[in-house]
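Descriptive analysis of the structure
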Amino acid sequence: MAVGRTFEEAFQKALVGVNPSFSGFSSLPFPEDTDPLSIPSNELIFHIASALYNETSTVSELREKTKLDSWFINKFLNIITFSKFLETRTMQDITPTIILRAKDLGFSDRYIARCLKSTENATRAYRCKHNIIPVMHQVDPSSAEVQTSLSYYYRTYGGSANDSVPVRNSVIVLGSGAFKIGCSIEFDWCSVYCTRTLKALGYHTIMINLNPGTVSTDHEESDSLYLEPIDIESVLDICNFEKPIGVIISMGGQETNNIALDLARNNIKILGTIPENIDCAENRFKFSRLLDSIGVSQPAWKNVDSTQSIYDFCEGVGYPVIIRPSYVLSGASMNVLYSKKELKEYLSLPHLLSYLHPMVITKFIENAKEIEVDIVAKNGQIVVYAISEHIEQAGIHSGDATIVYPVYDLSSIVTKKLKTATRKIIKLLDVTGPANIQYLVTEDNILVIECNLRASRSFPFISKTTGINFIEVATKVIMGLNITHINFPKPDFFGVKIPVFSFSRLLGSDPVLGVEMLSTGEVSCFGSTLHEAFLKAYEASGNKIPKKGVFFSISEQERSSFLYYAQIVSKKLEIYATKGTGKYFASHGLNVTIIESEESSADISESEIELSRFFAKKKFDLGIVIPSRNMYRKFDNSLTRGFFFRRMCIDNGISLVTNKNVAKLLIKSLRHNRSSKIFPYDYRLHYDTIYMNSFCNIYLASSDSNNFQKCIQNGFSFSMVKGDISSDDQEHGIVLMRTNSPQFQFSFIDAEFSQQDVDSVFKSGSRRIFTDASGYPLITILFESLIHKVPIHVCDIKCQQDIEAIKKYKQLSSTQITCDFSLVRLCSNISTEATRALFLDNLSFFNCISIGNLDFPGLDTEGFFDNIIPFVARLSLEFCSPHKLYNLLSVEPAYLLNRSMPDSNLVIGTSKANPKSIQAKILSFILGGVEVVSLGVFRESCITEISPISTATTSLSYHAPPSVYKHEPPAVPLGSFYSKFYKCKLLTSVNLVRSDCRQIFDLALTFKNMVKKEHKLSLLKGKILCTLFLEPSTRTRISFETAMKRLGGKVIDFNPETSSIKKGESIMDTISIIEGYADIIVIRSPETDFVSKVGGFVTPIINGGDGSGEHPTQALLDMFTIREELGTLTGLTIGLCGDLKYGRTIHSLILLLCLYKVRIVFICHPDLFISDTLKGRLNASGIPFSTYTDLTECIGALDVLYMTRIQKERFTDQRFYEKVKKSCILTPEIFNMARKRMIVLHPLPRIDEIDSCIDTDSRAAYFRQAKNGVYVRMALLYLMLNEKPFEYDGSDLLM
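**Some details on the overall build of the protein**
For the protein, the count of helices and strands is 42 helices and 47 strands. In the protein, which comprises 1295 residues, the proportion classed as buried is 57%. Pairs at least 24 apart in sequence give 70% of the contacts found in the protein among residues at least 6 apart. Summed over all atoms, the accessible surface of the protein reaches about 54500 Å², with 51% contributed by carbon and sulfur.

**Focus: the pairing of strand S39 (residues 1050–1054)**
Two strands pair when backbone bridges link them, and strand S38 (residues 1024–1029) and S39 are joined in this way by five bridges, in the parallel orientation. The partner of Cys-1026 across the bridge, within S39, is Ile-1052. In this fold, the crossover linking S38 to S39 by way of helix H35 (residues 1035–1046) has right-handed handedness.

**Remarks on the nonpolar core**
Judged by nonpolar contacts, the single largest core of 75 residues is most densely connected at Phe-1007, Leu-1116, Leu-1136 and Leu-1277. If we ignore the near neighbours within four places in the chain, the residues touching Leu-1136 are Ile-1146, Leu-1149, Ile-1150, Ile-1160, Val-1161, Phe-1162, Ile-1163 and Tyr-1202. Grouped together as the second largest cluster of nonpolar side chains are 53 residues, Ile-206, Leu-263, Ile-270 and Leu-428 included.

**Points about the packing of helix H7 (residues 120–129) against helix H9 (residues 232–242)**
Between H7 and H9, the least distance of the axes is 12 Å, while the angle of their chain directions is 30 degrees. With respect to the hand of their crossing, H7 and H9 are arranged in right-handed fashion. Side by side, H7 and H9 meet where Glu-120, Arg-124 and Arg-127 of the first sit next to Ile-232, Glu-233, Leu-236, Asp-237 and Asn-240 of the second. Residue composition of the contact of H7 with H9, grouped by class: two nonpolar, one polar and five charged.

**Describing the side chain of Thr-422**
Relative to the helices and strands, Thr-422 is located in helix H16 (residues 412–428). For Thr-422, a relative accessible area of 2% gives the class buried. There is a polar contact of 2.8 Å between the side chain of Thr-422 and the side chain of Tyr-439. What Thr-422 contacts, discounting residues up to four positions off in sequence, is Val-373, Ile-375, Ile-382, Ile-437 and Tyr-439.

**Digging into the state of the cysteines**
Within this structure, the stated rule accounts for zero disulfides. Looking at the unpaired Cys-1137, the closest cysteine sulfur is the one in Cys-1224, lying at 3.6 Å.

**Side note on empty space enclosed by the protein**
Under the defined criterion, the tally for this structure stands at six cavities of 30 Å³ or more. Of the voids in this model, the largest cavity is the one considered here, and its volume is about 150 Å³. Secondary structure elements with two or more residues in the lining of the largest cavity: helix H1 (7–18) and H9. The element contributing the most residues to the lining of the largest cavity is H1, with four residues. Across the lining of the largest cavity, the residue classes break down as four nonpolar, four polar and six charged.

**Examining a positive patch on the surface**
On the surface, Lys-571, Lys-572, Lys-668 and Arg-671 cluster together into a patch of positive charge. As for its position among the elements, Arg-671 is in the loop between helix H24 (660–670) and strand S23 (688–691). Using a relative accessible area of 48% as the deciding quantity, one classes Arg-671 as partly exposed.

**Topic: the sheet that holds strand S5 (residues 224–226)**
The mixed open sheet is built from six strands, whose spatial order is S1-S2-S5-S4-S3-S6. Lying at the two open borders of the sheet, with one neighbouring strand each, are strand S1 (135–138) and strand S6 (246–248). The average angle at which neighbouring strand axes cross in this sheet is 30 degrees, direction not considered. Across five bridges, strand S3 (residues 170–174) lies against strand S4 (residues 204–208) in parallel orientation. Bridging across to S4, Ser-170 finds its partner in His-204.

**Examining the environment of Gly-433**
Mapped onto the elements, Gly-433 comes out in strand S14 (residues 433–442). C-alpha of Gly-433 to C-alpha of Thr-273: the two residues are 160 residues apart in sequence and 6.4 Å apart in space. Other than its neighbours up to four places away in sequence, Gly-433 contacts Thr-273, Ile-375, Val-376, Ala-377, Ala-474, Val-477 and Ile-478.

**Re the packing of aromatic side chains**
Where two aromatic rings form a pair, the distance of their centres and the angle of their planes describe that pair. On inspection of all chains with the given rule, the structure shows 37 aromatic pairs. The positively charged end of Lys-84 is found above the aromatic ring belonging to Tyr-53, 5.3 Å away from the centroid. For Lys-664, the ring lying beneath its charged end belongs to Phe-562, and the centroid distance is 5.3 Å.

**A few points about the pairing of S4**
Of all the five residues making up S4, five are buried; the element is thus mostly covered by neighbouring parts of the structure. Neither face of S4 is left uncovered, since the one carrying His-204, Ile-206 and Ile-208 and the one carrying Thr-205 and Met-207 both have all their residues buried. Where S4 and S5 come together, three bridges link them in parallel fashion. Among the inter-strand pairings, Ile-206 is bridged to a residue of S5, identified as Ser-224.

**Some words on helix H34 (residues 994–1012)**
Taking 1.5 Å as the rise per residue, H34 with 19 residues should run 27 Å; its terminal C-alpha atoms sit 27 Å apart, in good agreement. Once H34 ends, the next one or two residues include Glu-1014, with phi positive near 60 degrees.

**Examining the packing of helix H20 (residues 559–570) against H24**
Angle between the axes and distance between the axes: these two values describe a pair of packed helices. At a minimum axis distance of 10 Å, the contact between H20 and H24 shows a crossing angle of 30 degrees. Between H20 and H24, the crossing angle belongs to the class labelled roughly parallel. For the pair H20 and H24, the crossing hand works out as left-handed. Contacts between H20 and H24 involve Ser-561, Phe-562, Tyr-565, Ile-568 and Val-569 from the first element and Lys-660, Ala-663, Lys-664, Ile-667 and Lys-668 from the second. Of the residues assigned to the contact of H20 with H24, the class counts are six nonpolar, one polar and three charged.

**Some remarks on the pattern of salt bridges**
Counted according to the given criterion, the structure contains 37 salt bridges. A salt bridge links Lys-103 to Asp-109, with the shortest nitrogen-to-oxygen separation between them at 2.7 Å. By relative accessible area, Lys-103 is classed as buried at 3%. Salt bridges sharing common partners tie together Lys-13, Lys-103, Asp-109, Arg-124, Arg-127, Arg-155, Glu-228, Glu-233 and Asp-237.

**Quick look at the confidence of the model for the protein**
Overall, the predicted model of the protein reaches an average pLDDT of 80, with 79% of residues at or above 70. Taken element by element, the predicted model of the protein shows its lowest mean pLDDT in strand S36 (residues 937–938) (30) and its highest in S6 (96). Confidence drops under pLDDT 50 across residues 327–331; counting only partners more than four residues distant or on other chains, this segment forms 14 contacts. Scored below 50 in pLDDT, residues 1289–1295 shows 17 contacts in the model against residues more than four places distant or in partner chains.

**Quick notes on the side chain of Asp-237**
Relative to the assigned elements, Asp-237 resides in helix H9. A relative accessible area of 6% places Asp-237 in the buried class. Polar contacts involving the side chain of Asp-237 include one to the side chain of Arg-127, which spans 3.3 Å.

Reading the values: the criteria
Residues numbered from 1 in each chain as written. Predicted model: local features only at pLDDT ≥ 70, side-chain atom pairs only at ≥ 80, totals over all residues. Heavy atoms only, no water. Helix = DSSP H or I, 4+ residues; strand = E, 2+ residues; numbered from the N terminus. Buried < 20%, exposed > 50% of the residue type's maximum accessible area, 1.4 Å probe, protein only. Contact = heavy atoms within 4.5 Å. Areas by Shrake-Rupley, 256 points an atom, 1.4 Å probe, with all protein chains shown as cover. Pairing = 2+ DSSP bridges. Right-handed = clockwise from strand over helix to strand, strands pointing away. Core = buried A, V, L, I, M, F, W, Y, C linked by side-chain atoms within 4.5 Å. Axes fitted to C-alpha atoms, helices over the stretch in contact; angles between N-to-C directions. Left-handed = near helix turned anticlockwise from the far one by under 90°. Nonpolar A, V, L, I, M, F, W, Y, C, P; charged D, E, K, R; others polar. Polar contact = N/O pair within 3.5 Å; in protein donor to acceptor, adjacent residues only side chain to side chain. Disulfide = S-S within 2.5 Å. 1 Å grid on protein atoms, 1.4 Å probe; cavity = no way out; pocket = protein on both sides within 12 Å on 5 of 7 lines; lining within 4 Å. Points joined across faces, edges and corners; volume = space filled by probe spheres on them. Patch = residues over 30% accessible without salt bridge, like charges linked within 9 Å, V, L, I, M, F, W, Y side chains within 5 Å. Salt bridge = Lys/Arg side-chain N within 4 Å of Asp/Glu carboxyl O. Lys, Arg positive; Asp, Glu negative; His and termini not counted. Charge placed at Lys NZ, Arg CZ, Asp CG, Glu CD. Phe/Tyr/Trp six-rings, centres within 6.5 Å; stacked < 30°, edge-to-face > 60°. Lys NZ or Arg CZ within 6 Å of the ring centre and 35° of its normal. Expected span 1.5 Å × (residues − 1). Parallel < 35°, antiparallel > 145°, perpendicular 65-115°, else oblique. pLDDT = per-residue confidence, 0-100.

Okay, here's the thing in structure tokens:
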């Protein structure tokens, strides 16, 4: 659903919302053999665009073929006409008026950029520069007839003012977007509970979602809702307007994760796991390296870009293999292949041609079990997790799998390995928020399939089965609450989640499960046993428990394993089977009805009519049709008999099972009689249990049931009265402690007491005496307490004199003297500024706070609790609980809060400065396991007294664990790096080998993560770096200085302008002097090959650039950046553009690229080509390279474009410089030809070789490249100054 001021605007916005890969209403290639305009399909709208764009059909012809009204077709024509107009323009001759008109017609920045042959970021920069920004309009369902209060908004360029006002303390949550296979209601559940938790924590919640079929778009769920596509343009516009604290992207599924990096690179704060770590988990190369570094196994895989490399991999690891195009969702275009013949058939499919570069191929592990671990973590430390198990063997997409929790068939050895591996992965990725890891288990071995740093489809199921709302916990840790590990008992029941399919509505589809997701829904049920839970879920998914018979069609290799299960079925039901299966069962003594005659031909067409009639009779109500390879979907299954049988079951409403493990579990479960009784595990209550220090009321006036009732109804668990309690009071009120009770040995002293009465109370052996500060003279009671050494509690302190008296007697006596302040004094008409100051200035003096007498003069009892409860809750944890103070209870009370019925803002906090708000109504109050109040009404049989504290351990039933808040230091990845660079020099790239590069890169990545966590390191404490730069430098010099200081060392910045060099001292003498002062030296010289002269010095020296020679540290950081951005260097096509002759960064980079399997493309003026020496080096290393003079000829084939400056200072002939200086310039028009994932690097500084409009594009990596220089140089400095390996244990390396 989309909203706009014009039809064109809303329509194009809706198209983008359906699939973010769409830029708007544009054309698709038009098939030549058919006329798609007369065929209703999901691509019809794009075929209409093609017809309008190519002018192959008129409006009237389209109306006749498509049956669409001419009004709509004319609106479509408006879009196409304007798109063709835009194609005649460029960014140089575009005007703000044209851009504004495009926006009125719903053109996205990406669509405009495509028409102008520019980039999305350049288009955005242009319109922002000219103040062409959308306004936020409120959705008005009444067409302005009545004022609306709905906080529904949309972006539009057809307005002049905003209807919305930004609110401070707001958080944006990205919703689930359009429902499709792979993204359904599960992610909407996650989004909803995220916003509910944020609201409970006191944040203003903003939801972005355009799916009206979701709960998250209900007006009650968020404070503001934007009905907008979840794409980079919409989210940036809304963020720039609302200015939120940050954006939560981990609740809406994969599509929200996909824009995390782009949002972060546009300065939008992503709450939770940082986008770089999300990319590390998503990128196969990075994730594979991470697993290798912690010793966790994974199936063999390879990124391939040629048919031959695919065949080579398959021959190396053996079949079967899984093959799929890169970067596809929900297993699209994936398949499991068992032979070279099947591989050849797969690669011949026409729709794969566009995917051929690259593809991912993985060794498929047969008969493996698939396990999922759902996790919530904070700073890399697991807070809560759950391990669930798939019924189906590996090879079935997790979205189509039947999932069981808790696991039922997992050894303790495997469980331990799973926990260990999960902890390592979560720690190294520094996860904060939700995560899901999928494993393969074979015998006692585990292999990681994938890791998703977001909420998974199984989060709702796991949350409901465990009783722990994983999303609520995840939201709290994302927002900074310090929650430690939550332990919860293993449930004494099973939960089973079963997928739901729509095969009956998809005529001709083959209902076989595989690696591509097909389900459109799911159900889950609980049971005391696995079989009971499975049967419930099986029925709930729309299947029927068989009552008449079962049809079997089992592949030959699986028949023997099904014999036992067929025997079970035969005891109660009739068995029907195909020829092969029936003969096998009959040969083992089973009574089988074979539905195919002996004369039946293998050709389905000859017998399909007869078989169709037989299926229509429905003599059986369950079909078990197991294909020859259960996880493999053939490309033309319509030719097989198995496909025919599966479709017959679906088309005739007969329940169908096509997976062998599910079929076996179903048959086993049929042996167990399912109970119809409703058990506690069959439902979940809509309230939360909150454990906290109790509210109290210490009140010594005469008993008053109204006083008790109001206190307890509002959650005050401690009340005390003097004297006897009437029977009426016992029925209608709650008394948790009664004075003068022999059980407690507590006494009270009232104002009417005589001195003799007071003496008798102190001599009675009371454990504690209570008195009112306004009653019997306080000084007398304090004196008696001093003499008799009896603890006293003074209620209702009302003046400074009382406080001073108590302080004085506390100094004289070791006997405990406690006191409280009555809050009714703060809320009555007689409350003064002095009263409030008395309380606030002496907070640390009072032992607890109390309500006091609700009949206090001038007290507004109606609004008292609404105003005072948040105040009391905010302070309750600052004071000692009266239950602990007086040794009354061994457990804290629990409050059951209904968040769906908000009544007041209950504030629960660990400090006055940081309260946590929960909007809820107190439903029930439980004390010591006894429900005292239910739904705000007193129970008739309520307790009047409680027993003193027992030394025995209290056993409580489990509802939901309390959140435990405490500080924990952030985790830091562990690492160990042995240095071969110790006291060596780094003067050239020639001597480096591939293992050296990996050592530097791995250590640089570790330092990068540590710096992000703001760790102050002392690794090089006491060491000194000298930067000796004889020509200007910004990045190299500053990054070396920063690197040294971050490692705890110091820097000498040598300035040649103020040194003895000006007096004629030689540079060699200068270095000799510096050698005595510094531990390591970085030198930059304008003289080529200058560093060859410094080989005789003892001190480690780093070449920071020598004229037009080399710059090895720049090349190292360039390669580190490529690895960080794309995950790998192997197999890439790298373009080197600009000054290749004099570019020292290019020279060092070429030497290092010779260590990897890459292709190099040179783009330069013919007179600026590399030297023959470097060409010989490339040839000797077997590195293929090609040469171009025009960037437009090759940019579409590049993975990396490395731009360089034409260096004026290197040219002796300035006329030659003027001739070539503009030979290689990257403009937005040229950049628009590049691949979507190509990155642009530049060693900097730049002049005009890269248009500044490209800077904001996520593919422009040169500023991130410069930042990476610090981490690479940190690694080099450490390795060159330390002989010992780098090992971090989290303590001694920190300052």
